[in-house]
Amino acid sequence: MVCANCQKQIAEGSNFCYNCGTKQPVSGTAAAYTADCAPKKRLVRSTNDKKIAGVAAGLADYFDLDPTIIRLVWLLAALFAGTGVLAYIILWIALPPGPTGVARTSSVPSAPVTS
Ligand SMILES: [Zn+2]
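Residues numbered from 1 in each chain as written. Predicted model: local features only at pLDDT ≥ 70, side-chain atom pairs only at ≥ 80, totals over all residues.

## Looking at the overall build of the protein chain
Short version of the rule: By definition, any uninterrupted DSSP run of H or I lasting at least four residues is a helix, any uninterrupted run of E lasting at least two residues is a strand, and each is numbered from the N terminus. Here a residue counts as buried when 20 or more other C-beta atoms sit within 10 Å of its C-beta, as exposed when there are 12 or fewer, and as partly exposed otherwise, the C-beta atoms being derived from the backbone. Any two residues are considered in contact once their C-beta atoms, placed from the backbone, lie within 7 Å.
Check the secondary structure of the protein chain and you find four helices and zero strands. Sequence-ordered secondary structure for the protein chain, helices as α and strands as β, is α-α-α-α. Across the 115 residues of the protein chain, 12% fall into the buried class. The long-range fraction of contacts in the protein chain, counting pairs at least 24 apart against all pairs at least 6 apart in sequence, stands at 27%.

Next up, the structure:
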């Protein structure tokens, strides 16, 4: 391989150039290591966008879905199977509350309250 900085030939898989000391771009297994460093998504109750306890919004955050869809599915499950309410209560107890004051990345800023 060739150093990204000084273009001199260096050993394959080197992390640093031994001519100029420049860190070499990551590749292969090193790239997987960077992915591990990414913040892990945690399943938490949403404290910003909640109707009852934030379980639906938390799940929506986790699965990258619209919280309204989750609520609709949950409501239908509760109405037709009766298991939705129980599942909601279980998750309410089981899930830790998410961080407060952190805006959802996918949410559109809401209009300021005028009334
Ligand atoms: Zn170099």
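The discussion continues.
## Observations regarding helix 2 (residues 55–63)
Summarising burial for helix 2: seven of the nine residues are buried, a large majority. Looking only at helix 2, the buried set comprises Val55, Ala56, Ala57, Gly58, Leu59, Ala60 and Asp61. Turning to helix 2, the residues buried within the fold contact helix 3 (67–80) and helix 4 (83–94). In the stretch just after helix 2, aspartate 64 is the one whose phi turns positive, near 60 degrees.

## Details of unusual backbone geometry
If you check the backbone angles, glutamine 7 has positive phi at about 65 degrees while not being a glycine. Note that glutamine 7 resides in the segment before helix 1 (29–37).

## Some details on the confidence of the model for the protein chain
Selection rule: Each residue carries a pLDDT score, the predictor's own confidence in it, on a scale running from 0 to 100.
Per-residue pLDDT for the protein chain has a mean of 74; in total, 69% of the residues score no lower than 70. By mean pLDDT, the top-scoring element of the protein chain is helix 4 (80), and the lowest-scoring one is helix 1 (51).

## Remarks on the packing of helix 2 against helix 3
Counted only if it meets this: Geometry is summarised by axes, namely lines fitted to C-alpha atoms with helices restricted to the contacting stretch, and by angles between N-to-C directions that run from 0 to 180 degrees. Roughly parallel means an angle under 35 degrees; roughly antiparallel, over 145; roughly perpendicular, 65 to 115; everything else is oblique. Take the far helix as your reference; a near helix turned counterclockwise from it by less than a right angle gives a left-handed crossing, and one turned clockwise gives a right-handed crossing. Amino acids outside the nonpolar list (Ala, Val, Leu, Ile, Met, Phe, Trp, Tyr, Cys, Pro) and the charged list (Asp, Glu, Lys, Arg) are all regarded as polar, and Gly is one of them.
Packing of helix 2 against helix 3 brings their axes to within 8 Å, and their N-to-C directions diverge by 125 degrees. What the angle tells us is that helix 2 and helix 3 run oblique. Read as a crossing pair, helix 2 and helix 3 show a hand that is right-handed. For the pair helix 2 and helix 3, the contacting residues are Ala56, Ala57, Leu59 and Ala60 in the first and Pro67, Ile70, Arg71 and Trp74 in the second. Taken together, the residues of the contact of helix 2 with helix 3 break down into seven nonpolar, no polar and one charged.

## Considerations on the packing of helix 3 against helix 4
It is at 5 Å that the axes of helix 3 and helix 4 come closest, and there the two elements cross at 125 degrees. One element, helix 3, and the other, helix 4, form an angle in the oblique class. Each of Trp74, Leu75, Ala77 and Ala78 in helix 3 lies in contact with helix 4, whose residues at this interface are Thr83, Gly84, Val85 and Tyr88. Classifying every residue of the contact of helix 3 with helix 4 gives six nonpolar, two polar and no charged.

## Quick look at the environment of cysteine 3
When you line up the elements, cysteine 3 lands in the segment before helix 1. Sequence spacing of cysteine 3 and serine 14 is 11 residues, and the spatial spacing of their C-alpha atoms is 9.1 Å. Sequence-distant contacts of cysteine 3, defined by excluding residues within four places in its chain, comprise Lys8, Ile10, Cys17, Asn19, Cys20, Thr22 and Gln24.

## Notes on the environment of glycine 84
By the element assignment, glycine 84 lies in helix 4. Counting along the chain gives 11 residues from glycine 84 to valine 73, while the straight-line C-alpha distance between them is 8.8 Å.

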